[in-house]
Amino acid sequence: MPDRFDEYLNTAGEQIRWKRARPALLAELRTHLLDQQDACLAAGMSREEAQAEAIRQMGDPVTTGQGLDRVHRPKAQWGLLALTGAVAVTGVILRLTLTAGWEYPAGTEAGTTILCLLLGVAALFGGYFLDYTVLARHGKALFLASAAVGFVVLPEIFPAAQVSYVFSCLYLAWLPLYAAWAYAWRGGGWLGLICSAAGLPLMAAICLRARYLLASSVWITAAVGWLLLVMLAHRDWYGLGKRRTLGLVLGSGLLVTGLAVGRALTSDTLRTRLEIALHPELDPLGGGYSGSVIQRVLEGSQWLGEGAWPGTRPYEQTMPACGGDFFLTTVLHKLGWLPFLLLVLTVFVLAGWMLARCLKQKNTLARLTVLAVVLPLALQAICGVIMNLGFVLVSVTFPLVLNNAGVVVNMGLVGLALSAFRQEQLSGQDRAPGTSGALRFTRQPGGVLIRWK
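Residues numbered from 1 in each chain as written. Predicted model: local features only at pLDDT ≥ 70, side-chain atom pairs only at ≥ 80, totals over all residues. Heavy atoms only, no water.

## Examining the packing of aromatic side chains
Our working definition: Stacked, edge-to-face and tilted labels apply to pairs of Phe, Tyr and Trp rings (six-membered ring for Trp) whose centres lie within 6.5 Å, assigned for plane angles under 30 degrees, over 60, and everything in between, in that order. Partly exposed describes any residue whose relative accessible area lies between the buried limit of under 20% and the exposed limit of over 50%, with all areas from a 1.4 Å probe on protein chains only and scaled to the type maximum.
Considering all chains together, one arrives at ten aromatic pairs under this definition. An angle of 75° between the planes, with centres 5.6 Å apart, marks the rings of tryptophan 181 and tryptophan 185 as edge-to-face. Taking the relative accessible area as the measure of exposure, tryptophan 181 reaches 8% and is therefore buried. Through pairs of rings, three or more aromatic residues link up here, namely Trp78, Phe125, Tyr128 and Phe129.

## Things to note about the pattern of salt bridges
Short version of the rule: Salt bridges are counted wherever a side-chain nitrogen of Lys or Arg sits within 4 Å of a carboxyl oxygen of Asp or Glu. Counting from the N terminus, the helices are the DSSP runs of H or I reaching at least four residues and the strands are the DSSP runs of E reaching at least two.
Under the counting rule described, the total for this entry stands at three salt bridges. In this structure, arginine 137 and aspartate 131 form a salt bridge, with 3.5 Å as the shortest nitrogen-oxygen distance. Overall, the relative accessible area of 19% leaves aspartate 131 in the buried class. Glutamate 306 is the partner of lysine 334 in a salt bridge, and the nearest nitrogen-oxygen pair spans 3.7 Å. Taken together, the positions of lysine 334 in helix 17 (residues 327-335) and glutamate 306 in the loop between helix 15 (289-300) and helix 16 (315-318) put the pair 28 residues apart, joining distant regions of the chain.

## Considerations on the packing of helix 18 (residues 337-358) against helix 20 (residues 404-422)
How two helices pack is summed up by the angle between their axes together with the distance between the axes. As a reminder, the rule being used: Note on definitions: angles span 0 to 180 degrees between N-to-C directions of axes, and those axes are lines fitted to C-alpha atoms, for helices only across the stretch in contact. Should the near helix be turned anticlockwise from the far one by less than a right angle, the crossing is termed left-handed; should it be turned clockwise, right-handed. Any two residues having at least one pair of non-hydrogen atoms within 4.5 Å are treated as being in contact. Three classes are used: nonpolar for Ala, Val, Leu, Ile, Met, Phe, Trp, Tyr, Cys and Pro, charged for Asp, Glu, Lys and Arg, and polar for all others, with Gly counted as polar.
Look at helix 18 against helix 20: their axes get within 11 Å of each other, and the N-to-C directions meet at 35°. The handedness of the crossing between helix 18 and helix 20 comes out as left-handed. Only Val414, Ala417 and Phe421 of helix 20 make contact with helix 18, whose side of the interface consists of Met354, Arg357 and Cys358. Tallied by class, residues from the contact of helix 18 with helix 20 come to five nonpolar, no polar and one charged.

## Digging into the confidence of the model for the protein chain
We apply this condition: A score between 0 and 100, pLDDT records how confident the predictor is in each residue.
Chain-level pLDDT for the protein chain is 83 on average; 86% of the residues reach the 70-or-more range. Across the protein chain, the element-wise mean pLDDT spans from 46 in strand 2 (residues 447-452) up to 95 in helix 18. The low-confidence segment residues 431-439 (pLDDT under 50) makes 27 contacts with residues lying over four places distant or belonging to another chain. Predicted confidence for residues 443-453 stays below pLDDT 50, and this span has 46 contacts to residues more than four positions away or in other chains.

## Points about a nonpolar patch on the surface
Put simply, the rule is: Only residues whose relative accessible area exceeds 30% and that take part in no salt bridge are eligible for patches, with like-charged residues grouped when within 9 Å of each other and nonpolar side chains (Val, Leu, Ile, Met, Phe, Trp, Tyr) grouped when within 5 Å. Areas reported as accessible are Shrake-Rupley estimates using a 1.4 Å probe. Residue values count occlusion only from the protein chains shown.
Taken together, the side chains of Val149, Phe151, Val152, Val153 and Ile157 make up a nonpolar region of the molecular surface, amounting to roughly 410 Å² of accessible area. Inspection of the secondary structure puts valine 149 in helix 8 (residues 139-157). Residue classification places valine 149 among the partly exposed positions, given a relative accessible area of 37%.

Here you go:
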């Protein structure tokens, strides 16, 4: 590159404080300078004159660099960070206060809970400051390595009694890795589509590798992964044609769903579980026990304040997992409908806010990453509320509030999603991993303002 352009770019680059943005911006700036030089050469100028004219048109390098720095800097996500932290802190306070005096494990162990909250905050900011594009640049290797760890290592190093709990916390972390895996097959044709789709049964197999069937982890993983594939098919990610790819993905997904529903309706065990979930009074001392107790809680609940408890035994000795998966039922019983609804709605507001921001993302990787976080977060929240209101079909932990290790994972994943929002100034349209997007040059007094298209 000409020395005069080197000097210009060095001076402009010194003004750009965001290190990750600097190489891509200067590369595009150099391209623009060279284009201007070529236009001047075509007009009959000498090379030196063409370089000087290109620099003159671009403007003062300090002013240009300062303009780039003003426009291209990380966008702080303080609102979403604060809301996520507020939900987690509220959950800890409620768990410590409402279960105070209960005998452990019905109650909450304060030291462990506070430690996990601190780890969750660290995970939140760790994910927030992480360059999420690293996942895509190494998407294939990371996904295969994580699959090997989940399928082989974890079930062997954890005791049978703990492995189900470990998977219930970690399975959500595989979804962003799956998003990176599917993204990395861009333009891969039939091989890319087949390999991307093969990741879904692989993740299901990882969940089933646990000693106990984690039905919630299997269907949430399958549903979210399928939706991510639908989005890529809609963008003709594999170069096979939008209609063909979308038809294949939608058709196969509906076929698998139909087979699963058909099996559920024809299986005596699954049909019985569904009947008991809908009518827990059919088996009040067996599979319908939790639902029956919740019905008693709902009957005695008030709008604000502790509800009536008709049982002869204390609530915490009657309600199973009242300090765990059914803690929202405890909030409803101890504090009333208003605090229960406020807590639940806050999580839904967080998920809805993130989803609305996600839909505005033009970059495919950013949108995939956020969807891989916000969709399971929303599904967990919806199913957790339904379960805590008495429809107990599968066990789903309400996110960001319950399950110490789960809170750490949830907060780390939310931070990862926010990193995409933080770096959206660099999110060009459908860029391949490790490449820069196109820039729009807008001439202004004193220089040129540059934005991503």
